Amino acid sequence: MRRRNLAVTLTMSLVTALLTLSAGAQSLSAKQQTAEFDKILTDQFKPDGTGCAALVAKGGQVIYRKAFGLADLELNVPMRPEMVFRIGSITKQFTAIAILQLMEQGKLSLQDEITKYIPDYPMHGHSITIEHLLTHTSGIKSYTNVPMFREMIRTDMKPEEIIEKNIALPMEFAPGTKWNYNNSGYIMLGYIIEKVTGKTYPEYLQENFFTPLGMTSSYYGDDTRIIKNRASGYQPGEGGTVNADYLSMTLPYAAGSIMSNVDDLYKWNRALHSYKLVRKETLDMAHTSYKLADGNPVGYGYGWSLSELQGSRTIEHGGGINGYLSYAIYLPEEDVFVALLSNSNGQAPDFSSLSMAAIAIGKPRTVTEIQLSEDALKEYIGIYSDEEGTERSITLDEGTLKASRQGGTNRKLTPVEKDKFLYENSFTTLKFSRDDSGKIVSATLNERGTISQMKKTDKQIESKKEMTLTEAVLDRYIGEYQLAPGFTVTFTREGNRLFTQATGQPRFEIFAQSETKFFLKVVEAQVEFIADPDGKVNTIILYQGGARTEGKRIK
């Protein structure tokens with residue numbers, strides 16, 4: 001499951017890893033590879049903080065298996081590789097394979113309309129198929145992306161009850177015309193599995209995957225059951241790390257309820273690619289990018305994201321759920337598998353996993369930063385728009401160029417060649433193009449093989465000048481405000497500095513641009529404080545991504 005963040009997007013992992021712009025193979029000894037893996041993970045996961053379990057395999061052999069940090073902060077229990085985590089949306093590939101098994105058995109077709117199994121579901125004049133659910137192209141609105149989800153998170157619900165909640169939500173687009181990540185689609189797939197087999201989704205997992213594959217540390221999520229080696233889950237909180245918010249594990253269901261460890265995920269990977277679960281031609285379907293009605297590929301198959309890393313094909317997926325983040329990536333040509341599981345919402349494993357995979361295939365990335373003057377950097381400042389109208393702002397902050405998608409996090413850009421920059425903690429590059437006069441006119445974004453062309457617009461970036469407010473003025477804003485059921489934003493003061501922290505998110509400083517309006521530097525967002533007629537501040541307005549969200553003071 002992926003959680004919606006209203007105030008800030010989940011921060012990128014704070015890891016300094018070895019990167020290289022060269023895609024040429026670099027042979028490292030086993031000892032050298034281990035040292036590089038260790039450095040990546042020890043930079044991110046500290047001995048006295050939340051931790052991770054990691055596994056790297058190549059050619060059918062495990063070449064790295066370690067754990068770092070703590071599995072339980074309160075009891076000071078060190079993390080071990082065999083620890084069990086919630087894996088979130090990595091669950092989706094299990095659901096997809098279950099559907100494909102039933103397809104191979106002739107019990108369903110991917111072109112079946114969902115009303116064959118959910119008769120009362122409104123189609124709004126469209127044909128919504130099982131394949132649309134698998135590929136996130138159904139147009140159905142995801143129940144995790146609406147405020148009602150916050151009201152549900154502590155409530156045990158049956159799959160049909162979750163689907164009933166979804167029925168009232170409007171369609172987002174015609175099926176097959178767009179791609180939008182959707183947890184509701186996988187809830188429906190789990191329900192279809194139950195309708196076709198007469199078994200519950202947990203029973204199907206156990207009987208068809210966990211038991212026959214010897215996945216003895218894999219479970220359908222359960223907070224009451226005693227699960228050996230379960231790692232506790234955490235999230236960023238005011239003043240530091242706190243225990244993760246409670247979530248009924250009936251809600252993620254077939255979209256994100258599985259618990260597992262790195263060893264079992266490797267068993268799963270080997271079984272898939274030795275065709276023990278579905279035939280090769282079927283697995284190839286799952287690992288082929290779905291194409292929209294206009295012929296454009298979406299970079300997603302059935303339960304997996306499909307991309308490339310340093311020119312090598314990848315089959316991958318991440319997961320995010322209360323208290324845990326996960327990432328697993330497979331490079332079929334090199335037969336390299338990497339799994340990295342984290343027990344904190346504040347420690348994203350994506351970039352570390354990719355960095356380890358790049359090392360394992362002999363294509364590590366290093367950064368050789370070139371020096372540019374501030375005047376040279378100013379040439380790139382502006383607002384750039386792609387063919388779909390998505391805008392990205394390029395700004396200069398204290399001598400550092402930064403990029404942000406509308407409403408998104410500001411990301412540092414490192415200059416590595418003339419007019420070419422590398423995103424911080426990423427394999428994404430941004431290359432600017434000039435006209436005959438030498439003026440910057442466009443940019444090319446390369447997100448691991450996915451290319452986006454952007455034109456520089458005439459729009460001007462709003463200048464935000466910081467001002468200093470007195471402690472007495474800032475004290476009026478201190479408190480907790482509710483933006484949605486179960487989702488709050490807290491404001492605290494340190495001297496003449498104001499800080500904000502949203503539920504499950506890190507704490508960030510906000511900067512005054514007037515006596516009542518503030519902005520964030522880490523993300524494109526503004527906060528406005530509204531006073532009542534008596535002068536007391538009881539309301540805030542959050543502006544982010546074109547949305548306006550009002551919150552009321554509760555403390």
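All figures in this text were calculated on a predicted structure; none of them were measured in a lab.

**A word on the sheet that holds strand 9 (residues 258–260)**
Argument step 1. Read from one edge to the other, the open sheet built from three strands follows the order 5-9-6, with strand pairing classed as antiparallel. Two strands in the sheet have a free side with no partner beyond their single neighbour: strand 5 (85–86) and strand 6 (219–220).
Argument step 2. With two bridges joining them, strand 6 and strand 9 adopt antiparallel strand pairing. From the neighbouring strand, Tyr220 faces strand 9, where its bridge partner is Ile258.

**Comments concerning the packing of aromatic side chains**
Argument step 1. The full count for this structure, using the stated rule, is 25 aromatic pairs.
Argument step 2. Judged by centre distance (6.3 Å) and plane angle (65°), the ring pair of Phe94 and Phe210 falls under edge-to-face. Residue Phe94 is found in helix 2 (residues 91–104), and its partner Phe210 is found in helix 7 (residues 201–210); the two are separated by 116 residues along the sequence. Just as Phe94 is buried, Phe210 falls in that class too.

**Let's talk about the side chain of Ser326**
Argument step 1. Relative to the assigned elements, Ser326 resides in strand 12 (residues 324–331).
Argument step 2. For Ser326, a relative accessible area of 1% puts it in the buried group.
Argument step 3. Here Ile87 takes part through its backbone oxygen, which lies 2.8 Å from a polar atom of the side chain of Ser326.
Argument step 4. Excluding its chain neighbours within four sequence positions, the residues that come into contact with Ser326 are Ile87, Ile90, Gly318, Gly319, Leu340, Leu341 and Pro349.

**Brief notes about the sheet that holds strand 24 (residues 497–502)**
Argument step 1. Here eight strands make up a closed barrel; going around it, the order is 22-23-24-25-26-27-28-29 and the pairing antiparallel. The sheet shows a mean angle of 30° between the axes of neighbouring strands, taken without regard to direction.
Argument step 2. Strand direction decides the pairing type here: strand 26 (residues 517–520) and strand 27 (residues 525–531), joined by three bridges, are antiparallel. Pairing of Lys517 across the sheet is with Glu528, part of strand 27.

**Structural notes on the packing of helix 2 against helix 6 (residues 183–197)**
Argument step 1. Packing of helix 2 against helix 6 leaves a shortest axis separation of 10 Å and a crossing angle of 40°. If you check the angle between helix 2 and helix 6, you find them oblique. Pair helix 2 / helix 6 crosses with left-handed handedness. Where helix 2 approaches helix 6, its residues Lys92, Thr95, Ala96, Ala98, Ile99 and Leu102 are matched on the opposing element by Asn183, Tyr186, Leu189, Gly190, Ile192, Ile193, Val196 and Thr197.
Argument step 2. A breakdown of the residues in the contact of helix 2 with helix 6 according to their chemical character gives nine nonpolar, four polar and one charged.

**A closer look at the side chain of Gln235**
Argument step 1. Within the secondary structure, Gln235 sits in strand 7 (residues 234–237).
Argument step 2. By relative accessible area, Gln235 is classed as buried at 4%.
Argument step 3. Here Asp245 takes part through its backbone nitrogen, which lies 3.2 Å from a polar atom of the side chain of Gln235.

**Some thoughts on the nonpolar core**
Argument step 1. Judged by nonpolar contacts, the single largest core of 88 residues is most densely connected at Phe94, Ile97, Phe209 and Trp268.
Argument step 2. Ranked by residues supplied to this core, first place goes to helix 2 with eight residues.
Argument step 3. Among all residues touching Phe209, those that are not within four sequence positions of it are Phe94, Ile97, Ala98, Gln101, Tyr204, Met215, Trp268 and Leu277.

**Observations regarding unusual backbone geometry**
Argument step 1. In the Ramachandran plot, Tyr275 falls in the positive-phi region, its phi being about 60° despite a non-glycine side chain.
Argument step 2. Examined against the element boundaries, Tyr275 turns out to sit in the loop between helix 9 (262–273) and helix 10 (280–286).
Argument step 3. Tyr275 gets classed as partly exposed once you look at its relative accessible area, which sits at 36%.
Argument step 4. Positive phi outside glycine occurs at Asp419, with the angle close to 65°.
Argument step 5. Mapping Asp419 onto the fold places it in the loop between strand 17 (411–417) and strand 18 (420–423).
Argument step 6. In this structure Asp419 comes out as buried when scored by relative accessible area, which is 7%.

**Structural notes on the packing of helix 6 against helix 7**
Think of two packed helices as two axes; the pair is described by the angle between the axes and how far apart they sit.
Argument step 1. Contact geometry of helix 6 with helix 7 gives a least axis separation of 9 Å together with a crossing angle of 75°. Taken together, the axes of helix 6 and helix 7 lie roughly perpendicular to each other. Counting all contacts with helix 6, which are made through Gly190, Ile193, Glu194 and Thr197, the residues of helix 7 involved are Tyr201, Pro202 and Tyr204.

**Thoughts on the confidence of the model for the chain**
Argument step 1. Here the chain averages 91 in pLDDT, and 94% of its residues register 70 or above.
Argument step 2. This stretch, residues 1–25, has a pLDDT under 50; its non-local contacts, to residues over four places away or in other chains, come to 105 contacts.

**Some points on the environment of Ser232**
Argument step 1. Checked against the element boundaries, Ser232 lands in the loop between strand 6 and strand 7.
Argument step 2. Through-space distance from the C-alpha of Ser232 to that of Val77 is 9.8 Å; in sequence the pair is 155 residues apart.
Argument step 3. Leaving out residues up to four positions away in the same chain, Ser232 has contacts with Ala71, Asp72, Tyr324 and Asn343.
Argument step 4. A distance of 3.2 Å separates a polar atom in the side chain of Ser232 from a polar atom in the side chain of Asp72.

**What about the pairing of strand 17?**
Argument step 1. With five of seven residues buried, strand 17 lies mostly within the body of the structure.
Argument step 2. As paired strands, strand 16 (residues 400–405) and strand 17 are joined by three bridges and run antiparallel to one another. What sits directly across from Lys402, in strand 17, is Lys412.
Argument step 3. The pairing of strand 17 with strand 18 spans four bridges and is classified as antiparallel. Of the residues in strand 18, the one forming a bridge with Pro415 is Phe421.
Argument step 4. Where strand 17 folds back on strand 18, the antiparallel hairpin that results is connected by two residues, among which Asp419 adopts a positive phi of roughly 65°.

What counts and how
- Residues numbered from 1 in each chain as written.
- Predicted model: local features only at pLDDT ≥ 70, side-chain atom pairs only at ≥ 80, totals over all residues.
- Heavy atoms only, no water.
- Pairing = 2+ DSSP bridges.
- Helix = DSSP H or I, 4+ residues; strand = E, 2+ residues; numbered from the N terminus.
- Phe/Tyr/Trp six-rings, centres within 6.5 Å; stacked < 30°, edge-to-face > 60°.
- Buried < 20%, exposed > 50% of the residue type's maximum accessible area, 1.4 Å probe, protein only.
- Polar contact = N/O pair within 3.5 Å; in protein donor to acceptor, adjacent residues only side chain to side chain.
- Contact = heavy atoms within 4.5 Å.
- Axes fitted to C-alpha atoms, helices over the stretch in contact; angles between N-to-C directions.
- Parallel < 35°, antiparallel > 145°, perpendicular 65-115°, else oblique.
- Left-handed = near helix turned anticlockwise from the far one by under 90°.
- Nonpolar A, V, L, I, M, F, W, Y, C, P; charged D, E, K, R; others polar.
- Core = buried A, V, L, I, M, F, W, Y, C linked by side-chain atoms within 4.5 Å.
- pLDDT = per-residue confidence, 0-100.

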